Amino acid sequence: MAVKERYEHVQEEVAETCRSCGRPADAVALIAVSKTVGLEEVEEAARGGARDFGENRPDELVRKSEAFPEYRWHFIGNIQSRRIRDIVGHACLIHSLFEERHGQRISAVAQEMGKVQDVLIEVNVSGEASKSGVTPAEAPALVRAVASLPHVCVRGLMTMAPQGDLDVARRCFFDLAELHARIKESLPGEDALLFDQISAGMSEDWACAIEAGSTMVRVGRAIFSDTF
Ligand SMILES: *Cc1c(COP(=O)(O)O)cnc(C)c1O
């Protein structure tokens, strides 16, 4: 199979998994994580129907989104202050915000650009030292702080589950969904309505994430690698 066929295959499986969980077939957005490939593969995935792409490095986000401005580009990587201008200038959604000072900077840059930047708060649900994100206990306060910034809109939560054990990953996704529901309940009207996204699930575990209520899965290798 080539990239186009693999994308189509994963997209069909995502829709099928939604149906089998009693969710609408389009309840979950499939984000094609193109961080390891070039423009040609992006184009191939797009021929299979991909419209949402994820990048974890600002340089590649800029390069690919400028080559394909008609698609939605998601930033899923580590945020550095000096790259915030590039990220805000090119990302429809930042999945990986977990420091309030970065939120403040994002808001200031977004104001200059005349936009409101959508963000997700990254939560380290599993507590693994190698993962970034706030702890679940810290998440509600950070969501409130970032929601109060004028040019940022907090759309939900994001996590990365530990790899290698689907039961552990599943627990992590259900914990995130529970935290999401709890925070949503605590937010005032308009903020609660907009807090409607959960970004969870990668090549190995996206089906578990959909079962738990994820609304966005970020899939790289299952689409772009012929050895996955
Ligand atoms: C690379 C990456 C993915 C995709 O991982 P695969 O295992 O290749 O599907 C998803 N989310 C983040 C944050 C990533 O860095």
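Residues numbered from 1 in each chain as written. Predicted model: local features only at pLDDT ≥ 70, side-chain atom pairs only at ≥ 80, totals over all residues. Heavy atoms only, no water.

S.K.: Looking at this structure, I do not really get the site of the ligand. What am I missing?
M.R.: Around the ligand sit Val 33, Lys 35, Ile 76, Met 160, Met 202, Ser 203, Arg 218, Val 219, Gly 220 and Arg 221, and that is every residue in its neighbourhood. Between the ligand and Ser 203, the relevant distance is 2.5 Å, taken from an oxygen atom to a side-chain nitrogen or oxygen of the residue. Arg 218 is positioned such that a nitrogen or oxygen atom in its side chain is 2.9 Å from a nitrogen atom of the ligand. Calculation on the ligand without its partners gives an accessible area of 390 Å², and the protein chains cover 91% of this total. (Near = heavy atom within 4 Å. Polar contact = N/O pair within 3.5 Å; in protein donor to acceptor, adjacent residues only side chain to side chain. Areas by Shrake-Rupley, 256 points an atom, 1.4 Å probe, with all protein chains shown as cover.)

S.K.: Just checking my understanding: could you explain helix H1 (residues 3-20) for this structure?
M.R.: The periodicity of an α-helix, 3.6 residues per turn, causes residues three or four places apart in sequence to face the same way. The first and last C-alpha atoms of H1 sit 25 Å apart over 18 residues, in line with the 26 Å expected at 1.5 Å per residue. Listing the buried residues of H1 in full gives Val 3, Arg 6, Tyr 7, Val 10, Val 14, Ala 15, Thr 17 and Cys 18. Where H1 is buried, its residues meet strand S1 (29-33), helix H2 (39-47), helix H9 (206-212), strand S8 (216-219) and helix H10 (221-224). Looking one or two places after H1, you find Gly 22, whose phi comes out positive at around 75°. (Helix = DSSP H or I, 4+ residues; strand = E, 2+ residues; numbered from the N terminus. Expected span 1.5 Å × (residues − 1). Buried < 20%, exposed > 50% of the residue type's maximum accessible area, 1.4 Å probe, protein only. Contact = heavy atoms within 4.5 Å.)

S.K.: Just checking my understanding: could you explain the side chain of His 180 for this structure?
M.R.: Tracing the chain through its elements places His 180 in helix H7 (residues 166-186). If near-sequence neighbours (up to four positions away) are discounted, His 180 is found in contact with Gly 156, Leu 157, Phe 195, Asp 196, Gln 197 and Ile 198.

S.K.: Quick question: what am I supposed to make of the environment of Cys 18 here?
M.R.: Here Cys 18 shows up in helix H1. Among the residues examined, Cys 18 registers a relative accessible area of 0% and is labelled buried. Taking the C-alpha atoms as reference points, Cys 18 and Gln 117, separated by 99 residues in sequence, lie 28 Å from one another. When sequence neighbours within four positions are dropped, the list of residues in contact with Cys 18 reads Arg 23, Pro 24, Ala 25, Val 28 and Ile 210.

S.K.: Please explain the pattern of salt bridges as it appears in this structure.
M.R.: When their charged atoms lie close together, side chains carrying opposite charge are able to pair. Per the counting criterion, the structure on display carries 16 salt bridges. Where Arg 83 meets Asp 59, a salt bridge forms, and the shortest distance between an N and an O atom there is 2.8 Å. With Arg 83 in the loop between strand S3 (72-75) and helix H4 (84-90) and Asp 59 in helix H3 (residues 58-67), the pair connects residues that are 24 residues apart, well separated along the chain. A relative accessible area of 15% places Arg 83 in the buried class. With relative accessibility at 46%, the residue Asp 59 sits in the partly exposed group. Connected via shared salt-bridge partners are Glu 55, Glu 60, Arg 63 and Lys 64. (Salt bridge = Lys/Arg side-chain N within 4 Å of Asp/Glu carboxyl O.)

S.K.: Is there a simple way to think about H7 in this case?
M.R.: For H7, with 21 residues, the first-to-last C-alpha span of 30 Å sits near the 30 Å given by 1.5 Å per residue. Those residues of H7 that fall on the buried side of the exposure criterion are Ala 169, Cys 172, Phe 173, Leu 176, Ala 177, Leu 179, His 180 and Ile 183. In a view along the axis of H7, the buried residues occupy a sector of 165°, so they form one face of it. In H7, the exposed residues that point more than 90 degrees away from the buried face are Arg 171 and Glu 185. Of the surrounding elements, those touching the buried residues of H7 are helix H6 (139-147), strand S6 (152-158), strand S7 (197-199) and H9. (Arc of directions from axis to C-beta.)

S.K.: I would appreciate a short explanation of the packing of H1 against H2 in the present structure.
M.R.: Helix-helix packing is described using two parameters, namely the angle between the two axes and the distance between the axes. In the contact formed by H1 and H2, the axes pass within 7 Å of each other and the chain directions differ by 45°. Relative to H2, the element H1 lies oblique. When the axes of H1 and H2 are compared, the crossing they make is right-handed. Facing Val 3, Lys 4 and Tyr 7 of H1, the residues of H2 in contact are Glu 41, Glu 44, Ala 45 and Arg 47. Tallied by class, the residues present in the contact of H1 with H2 amount to 3 nonpolar, no polar and 4 charged. (Axes fitted to C-alpha atoms, helices over the stretch in contact; angles between N-to-C directions. Parallel < 35°, antiparallel > 145°, perpendicular 65-115°, else oblique. Left-handed = near helix turned anticlockwise from the far one by under 90°. Nonpolar A, V, L, I, M, F, W, Y, C, P; charged D, E, K, R; others polar.)

S.K.: Hey, could you run me through the environment of Glu 8 in this one?
M.R.: Take Glu 8: it is sitting in helix H1. In this structure the C-alpha to C-alpha distance between Glu 8 and Ala 50, which are 42 residues apart in sequence, comes to 8.5 Å. In terms of polar contacts, Glu 8 uses its side chain to reach the side chain of Lys 4, at 3.0 Å.

S.K.: Just checking my understanding: could you explain the pairing of strand S5 (residues 117-122) for this structure?
M.R.: It is a general feature of regular strands that their side chains alternate between the two faces of the sheet. Where burial is concerned, most of S5 is hidden: 5 out of the 6 residues are buried. With 3 bridges joining them, strand S4 (residues 93-97) and S5 adopt parallel strand pairing. Bridge assignment links Leu 97 to a residue of S5, and that residue is Ile 121. As paired strands, S5 and S6 are joined by 6 bridges and run parallel to one another. Paired with Leu 120 across the two strands is Gly 156, which belongs to S6. Handedness of the S5-H6-S6 crossover: right-handed. (Pairing = 2+ DSSP bridges. Right-handed = clockwise from strand over helix to strand, strands pointing away.)

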